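# Results of the structural survey
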Amino acid sequence: MTRVRGKSPFWLDPDEPEISFPDVELALTEPDGLLAIGGDLSVPRLLAAYRHGIFPWYGQGQPILWWSPNPRLLLMPGDLHISRNLMKTLRKEKFSVSLDTDFAAVIEACAAPRDGEDGTWITPAMQTAYLALHQAGHAHSVECRYRGELVGGLYGVAIGRAFFGESMFSRASDASKAALVWLTWQLQRWQFRLIDCQIHTRHLESLGARNVQRQAFTRLLRTACDLPGPACWAFDGDILPF
């Protein structure tokens, strides 16, 4: 692991046997949070990254870029805010929501280009890496269906009692929000300490997420990751709080 020069990010050698990352306090401020370049997307490296508040984010044709932005957008499960309109939708029970029933379909849907966008950061290599994380029991998906059709969902990584949200998609109004709400209810049941939303968006802020400074985030993260996680990823039968 070497720093290229000056204020450049660190270079991670994919052939180096020891998997380690530089201290997140050394991340650049411009662009915000860029910490390292290179390495690989192996399961051990990804888990080491998330444990330290680092995640990969890069485009097709770029080297792997590792980020730890400051501040960090977090949703504490107990802080979830549900608007009246969204609660009306949830009470109608128009959606059926599940955990880990079709991870591949969810990540493929998340990888599809958004309206007005030409590409995606969820490259084929990223999809392969997170499928491997899922098969190893570390990455999880939430599926939201309407009349049997997948219309929304999200996926992320869980370590201990920390959940790291990666991406979500929606093909029907409120479908991705329903997936996040159901997941948050369940994580609260399991006493998860945080949901890492990574970067601020108004959409997530409206649901109760808030910015947390890096030092506070890393303290929360250390505690959450060291706690035992759930033995089985499935919704409780009485998950609905109404």
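Report follows, based on the coordinates.

Here is what the cut-offs are and how they apply
- Residues numbered from 1 in each chain as written.
- Predicted model: local features only at pLDDT ≥ 70, side-chain atom pairs only at ≥ 80, totals over all residues.
- Heavy atoms only, no water.
- Helix = DSSP H or I, 4+ residues; strand = E, 2+ residues; numbered from the N terminus.
- Rg over C-alpha atoms; globule rule 2.2 N^0.38 Å.
- Buried < 20%, exposed > 50% of the residue type's maximum accessible area, 1.4 Å probe, protein only.
- Phe/Tyr/Trp six-rings, centres within 6.5 Å; stacked < 30°, edge-to-face > 60°.
- Lys NZ or Arg CZ within 6 Å of the ring centre and 35° of its normal.

## Structural notes on the overall build of the protein chain
- For the protein chain, the helix and strand inventory stands at 7 helices and 12 strands.
- In terms of overall dimensions, the protein chain is globule-like: its C-alpha atoms have a radius of gyration of 18 Å, near the 18 Å expected for 242 residues.
- If you line up the protein chain on its principal axes, its C-alpha atoms span 55 × 35 × 35 Å.
- Looking at the protein chain as a whole, 50% of its 242 residues are labelled buried.

## Here's the deal with the packing of aromatic side chains
- One pass over the full model with this rule turns up 10 aromatic pairs.
- Taken together, a centroid distance of 5.1 Å and an interplanar angle of 70° make the contact between Phe-21 and Trp-66 edge-to-face. Taken together, the residues Phe-21 in the loop between strand S2 (10-12) and strand S3 (34-38) and Trp-66 in strand S5 (residues 65-67) connect sequence positions 45 residues apart. Just as Phe-21 is buried, Trp-66 falls in that class too.
- Consider the rings of Trp-190 and Trp-233, whose centres lie 5.0 Å apart with planes at 65°: the pair is edge-to-face. On the criterion of sequence distance, the pair formed by Trp-190 in the loop between helix H5 (175-189) and strand S11 (194-198) and Trp-233 in the segment after helix H7 (214-226) is long-range, its members being 43 residues apart. Accessibility classification places Trp-190 together with Trp-233 in one group, the buried group.
- The structure contains a cluster of three or more aromatic residues connected by ring pairs, namely Phe-163, Trp-190, Phe-192 and Trp-233.
- For the cation-ring pair, Lys-94 lies above Tyr-146, with the distance from its terminal atom to the ring centre recorded as 5.5 Å.

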